[in-house]
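Geometric and topological summary
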Amino acid sequence: VFSGQFVVGGRREREKRAKLRFAAKGDGKYGVEGRGANGFGSWRLAFGMYDPVSRKLAARRVYEDEAGTATLASATLADDDESDDDYGGGGGGGEEAPGVGMRGTLRREKAEWVWTGEWATAGGAGEPFRLRGEGPESPTELRLEGSFDMSGRAVPDCLSLRFGAHNRVKGRGRNELGDFSLVGTLVEDTLDCSRRYVVADDDDDDDD
């Protein structure tokens, strides 16, 4: 059980009842799950990864009350806050939490486009994903469906991509972890994106 504080909007916010659970992975790192609460509401951690060598823990914090997430997303973080990477979406002034990286090959196979590769949090071990969908030979938009591996199970995934000028790519999607946005680049057949979740799925009632 942990306690502490972070700075947001020029004020310090206390953390309460933060509980973390570590599960060993085969690469020497640890997957991390957790729960806690502060003035913005109750929250849980997703995509957590701890590296005992660097002693760094990267994770995405999701508030069970959507209003708490929206408040943090619109706030300006303080420059001197050493824990800004506990959450994402800051309006500047602090280091923004890393998104979930997705890097792989986008290729046309018969009448379908297939994006295969690996996803990972910052400093975390990569796990595979595979998405596919129909589209023309030179698409401006694609809708892809498939799954990604997470802790030994396949998680269904669905997203849409829009291809713009200067190799830029934007997109949106949804899976059991919530709604998310995507930004990235397509260089030749390599599609490199960052996925950032914006709305959580709050069906988990585990209060431990």
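Residues numbered from 1 in each chain as written. Predicted model: local features only at pLDDT ≥ 70, side-chain atom pairs only at ≥ 80, totals over all residues. Heavy atoms only, no water.

**Focus: the packing of aromatic side chains**
Filter applied, for reference: For Phe, Tyr and Trp, rings pair up if their centres lie within 6.5 Å, where Trp contributes its six-membered ring, and each pair is then called stacked (planes under 30 degrees apart), edge-to-face (over 60) or tilted (otherwise). Under the scheme used here, helices are H or I runs from DSSP no shorter than 4 residues and strands are E runs no shorter than 2 residues, and both carry numbers assigned from the N terminus. The rule is simple: take the accessible area with a 1.4 Å probe, protein chains only, and divide by the maximum for that residue type; under 20% is buried, over 50% is exposed, in between is partly exposed. Only Lys NZ and Arg CZ are tested; either one counts as a charge over a ring when it is within 6 Å of the ring centre and within 35 degrees of the ring normal.
For the structure shown, the criterion picks out five aromatic pairs. Aromatic pair Phe 22 and Tyr 50: ring centres 5.9 Å apart, planes at 80°, arrangement edge-to-face. In this pair, Phe 22 sits in strand 2 (residues 11–24) while Tyr 50 sits in strand 4 (residues 41–51), placing the two residues 28 residues apart along the sequence. Residue Phe 22 is classed as partly exposed on the basis of its relative accessible area of 40%. Taking relative accessible area as the criterion, Tyr 50 reaches 23% and is therefore assigned partly exposed. Summarising the aromatic geometry, the rings of Trp 115 and Phe 129 are spaced 4.9 Å apart at their centres and angled 75° between planes, so their arrangement reads as edge-to-face. Taken together, the residues span a long stretch of sequence, with Trp 115 in strand 7 (residues 112–120) and Phe 129 in strand 8 (residues 127–134) at a distance of 14 residues. Per residue, the accessibility class of Trp 115 equals that of Phe 129, and both read buried. Grouped by ring-pair contacts, the aromatic residues Phe 22, Tyr 30 and Tyr 50 constitute a single cluster. The ring centre of Phe 180 lies 4.2 Å from the NZ or CZ of Arg 195, which sits over that ring.

**Some thoughts on the environment of Lys 56**
Keep this limit in mind: Throughout, a contact is declared for two residues whenever any of their heavy atoms are within 4.5 Å.
With respect to the helices, strands and loops of the structure, Lys 56 is situated in strand 5 (residues 56–63). Residue class for Lys 56 comes out exposed when judged on its relative accessible area of 60%. Residues Lys 56 and Ala 122, spaced 66 residues apart in sequence, show a C-alpha to C-alpha distance of 9.7 Å. Once residues lying within four places of it in the same chain are set aside, the contact partners of Lys 56 are Met 49, Tyr 50 and Asp 51.

**Details of the confidence of the model for the protein chain**
The condition that has to hold: The score called pLDDT rates the predictor's confidence residue by residue, from a low of 0 to a high of 100.
On average, the protein chain scores 75 in pLDDT, and the residues at 70 or more come to 72%. Contacts of residues 66–98 to residues separated by more than four positions or lying in other chains number 64 contacts, the stretch itself having pLDDT below 50. Under a pLDDT of 50 for its full length, residues 199–208 has, in the predicted model, 20 contacts with residues more than four places off or in other chains.

**Quick word on the nonpolar core**
Rules: By convention a nonpolar core is built from buried Ala, Val, Leu, Ile, Met, Phe, Trp, Tyr and Cys residues, the set being connected through side-chain atoms within 4.5 Å.
With 24 residues, the main nonpolar core has Leu 106, Trp 115, Phe 148, Leu 159, Leu 161 and Leu 191 as its most contacted residues. Contributing elements (two or more residues each) for this core: strand 6 (100–109), strand 7, strand 8, strand 9 (141–150), strand 10 (153–163), strand 12 (178–187) and strand 13 (190–200). Non-local contacts of Leu 106, meaning those with residues more than four positions away in its chain, are made with Trp 113, Val 114, Trp 115, Leu 142, Phe 163, Leu 186, Asp 189 and Leu 191.

**Quick look at the pairing of strand 7**
Inclusion rule: When DSSP locates at least two bridges between a pair of strands, those strands are taken to pair.
Two strands pair when backbone bridges link them, and strand 6 and strand 7 are joined in this way by nine bridges, in the antiparallel orientation. Note on strand 7: the bridge partner recorded for Gly 101 is Ala 120. Hairpin connection, strand 6 to strand 7: the antiparallel pair is bridged by two residues, and Lys 110 has positive phi, about 60°. Both strand 7 and strand 8 contribute to a ladder of eight bridges, which runs antiparallel. Paired with Trp 119 across the strands is Glu 127, a residue of strand 8.

**Re the pattern of salt bridges**
Between side chains of opposite charge, a pair can form when the charged atoms approach closely. Keep this limit in mind: Salt bridge, as used here, is a side-chain nitrogen of Lys or Arg placed within 4 Å of a carboxyl oxygen of Asp or Glu.
Applying the stated criterion across every chain, the model contains nine salt bridges. For Arg 195, the salt bridge is made with Asp 157, and the minimal N-O distance between the two is 2.8 Å. Placement of the pair is Arg 195 in strand 13 and Asp 157 in strand 10, with a sequence separation of 38 residues. Considered together, Arg 195 and Asp 157 belong to a single accessibility category, that of buried residues.

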